[in-house]
Amino acid sequence: MPRVKYILLDCDNTLCLSERLAFEACTDLTNEVLEKWGKSDRYTVDQLLEDFVGHNFRGMLVGLQKKHGFTMTPEEVDAYVDRELGAVTAKLSEKCTPCPGVPEQLESLRQQGYPMSVVSTSAKPRVVASLKKTGIDKYFPDEHVYSAATSLNPPSSKPDPAIYNYACQQLGIKNSECVTVEDSKSGATAAMRAGIPLIGYVGVYGLEEGKEKMEQMATLLKEQCNAAAIMYDWKEFPDILKKIEESL
């Protein structure tokens, strides 16, 4: 039976329970931006997650300007991106935990000889902080941690597939020869646009938001992002991977 040549993995809320922590850290900065540019709207953590989950802070600032009708200079964007990265990295270094079942599955994959890489929309220092705090950094050499915000010039953000195309190019594989795991619409859309077989992980929604949201995301990732399979628990990963490989 054919084997996928590489397993690509999103980080935030796929490998690590980092998304809410990160949004807690950047909500104050988001509201500061709105106040500074004379906008009356303010976000809670949950509202920010609803509108911008899966986007990095640079992408969020682009979206905020479009939604609320104001303009930041590139220099102003860069300054806020730097501040957000420092705040988020500090919080993740202190509090980040792995998604349930992830360490065990990564160890199993390593023992089976599967090469693995992280392909994230988030800035690389933030990703590395999460990986180190959760103790799973040993599975991902630094050169195999790719970031749309850091690895690309100019920086990008999922759902742009550029970071997936770049990672596959750097790893020397065809997009169709690997598989990836994503939890968000933006990440899953990036994988779909890159032509990479996708496993949609929705278990994190059950943990943080409840069964109804989890099932909504399962439907969305399947119907809108062409996920090859939906994964509710990381324990399901071996069987899902086997079925995908059988279809290669």
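Numbering of residues starts from 1 in each chain and follows the order in which that chain's sequence is written. Reporting of local features is limited, given that this is a predicted model, to residues whose pLDDT is at least 70; pairs of side-chain atoms are given and counted only at 80 or more, and all residues count toward the totals for whole chains, interfaces and linings. Water and hydrogen atoms play no part in the side-chain values, which are based on all heavy atoms of the structure.

> Would you explain the packing of aromatic side chains in this entry?
What describes a pair of aromatic rings is the distance from one ring centre to the other and the angle between the planes of the rings. Paired rings are identified among Phe, Tyr and Trp, the last through its six-membered ring, by centres lying within 6.5 Å, and are further divided according to the angle between planes into stacked (under 30 degrees), edge-to-face (over 60) and tilted (the rest). Enumeration according to the criterion identifies six aromatic pairs in this entry. Arranged with centres 6.0 Å apart and planes meeting at 80°, the rings of Y146 and Y166 form a pair that is edge-to-face. Of this pair, Y146 sits in strand 3 (residues 145–147) while Y166 sits in helix 7 (residues 162–171); the two residues are 20 residues apart in sequence, bridging distant segments of the chain. Relative accessible area decides the class of each residue, using a 1.4 Å probe on protein chains only: under 20% of the type maximum gives buried, over 50% gives exposed, and in between gives partly exposed. Exposure remark for Y146: the relative accessible area of 5% places this residue in the buried category. Aromatic pair W234 and F237: ring centres 5.3 Å apart, planes at 35°, arrangement tilted. Comparing W234 with F237 shows no difference in burial state: the two are buried. Every member of this aromatic cluster is reached through a ring pair, and the members are W37, F70 and Y80. To sit over a ring, a charge needs its Lys NZ or Arg CZ within 6 Å of the ring centre and within 35 degrees of the ring normal. Residue placement shows R3 over the ring face of Y114; its charged tip is 3.9 Å from the ring centre. By definition, any uninterrupted DSSP run of H or I lasting at least four residues is a helix, any uninterrupted run of E lasting at least two residues is a strand, and each is numbered from the N terminus.

> When you look at the nonpolar core in this model, what are you seeing that I'm missing?
Taken as a class, soluble globular proteins show a tendency for nonpolar side chains to be buried jointly. Core analysis: the biggest nonpolar cluster contains 66 residues, and I7, L15, L131, F140 and W234 have the highest contact counts within it. Discounting chain neighbours no more than four positions away, the residues touching L15 are L9, D10, P98, C99, V102, L106, V118, L131, I136, F140 and W234. Only buried residues count toward a nonpolar core, which is a set of Ala, Val, Leu, Ile, Met, Phe, Trp, Tyr and Cys residues joined through side-chain atoms within 4.5 Å. In terms of nonpolar packing, the next biggest core, distinct from the first, is built from 19 residues, Y43, F57, M60 and M72 among them. Here, residues are in contact when the closest pair of their heavy atoms is within 4.5 Å.

> Looking at this structure, how should I read helix 3 (residues 57–68)?
Three or four residues apart is the spacing at which side chains of an α-helix point the same way, because the helix has 3.6 residues per turn. Compared with an ideal rise of 1.5 Å per residue, which puts twelve residues at 16 Å, helix 3 spans 16 Å between its outermost C-alpha atoms and is within 8% of the ideal. Those residues of helix 3 that are buried are in contact with helix 1 (19–36), helix 2 (45–52) and helix 4 (74–95). Looking one or two residues beyond helix 3, the residue adopting positive phi is G69, at roughly 70°. Helix span, as expected, comes to 1.5 Å for every residue beyond the first.

> Where do I start with the packing of helix 3 against helix 4 in this structure?
The description of two packed helices rests on the angle between their axes and on the distance between the axes. To define axes, lines are fitted to C-alpha atoms, for helices over the stretch in contact only, and angles between the resulting N-to-C directions are given on a 0 to 180 degree scale. Axis separation between helix 3 and helix 4 bottoms out at 9 Å; the angle between their running directions is 130°. Considering the angle they form, helix 3 stands oblique to helix 4. Seen from above, helix 3 lies across helix 4 with right-handed handedness. Contact residues: F57, R58, L61 and Q65 in helix 3; V77, D78, Y80, V81 and E84 in helix 4. All residues other than Ala, Val, Leu, Ile, Met, Phe, Trp, Tyr, Cys, Pro, Asp, Glu, Lys and Arg, Gly among them, are scored as polar; the first ten of these are nonpolar and the last four charged. Here the residues of the contact of helix 3 with helix 4 sort into five nonpolar, one polar and three charged. Our angle categories are set so that under 35 degrees counts as roughly parallel, over 145 as roughly antiparallel, 65 to 115 as roughly perpendicular, and the remainder as oblique. For any helix crossing, the convention is left-handed if the near helix is rotated counterclockwise from the far helix by under a right angle, and right-handed if that rotation is clockwise.

> Just checking my understanding: could you explain unusual backbone geometry for this structure?
For residues that are not glycine, phi is negative in most cases, and the peptide bond is trans in most cases. A cis amide bond links N153 with the next residue in sequence, P154, at an omega value of 5°. Mapped onto the fold, P154 is located in the loop between strand 3 and helix 7. The peptide bond linking K158 to P159 adopts the cis configuration, its omega dihedral lying at 25°. Tracing the backbone through its elements, the reader meets P159 in the loop between strand 3 and helix 7. Positive phi, normally seen in glycine, also occurs at N13, with a value near 60°. Residue placement: N13 occurs in the loop between strand 1 (6–9) and helix 1. Exposure remark for N13: the relative accessible area of 5% places this residue in the buried category. Positive phi values are uncommon outside glycine, yet N226 reaches one of about 55°. Here N226 shows up in the loop between helix 10 (211–223) and strand 6 (229–231). Classification of N226 by relative accessible area gives exposed; the value is 54%.

These figures capture arrangement, not role.
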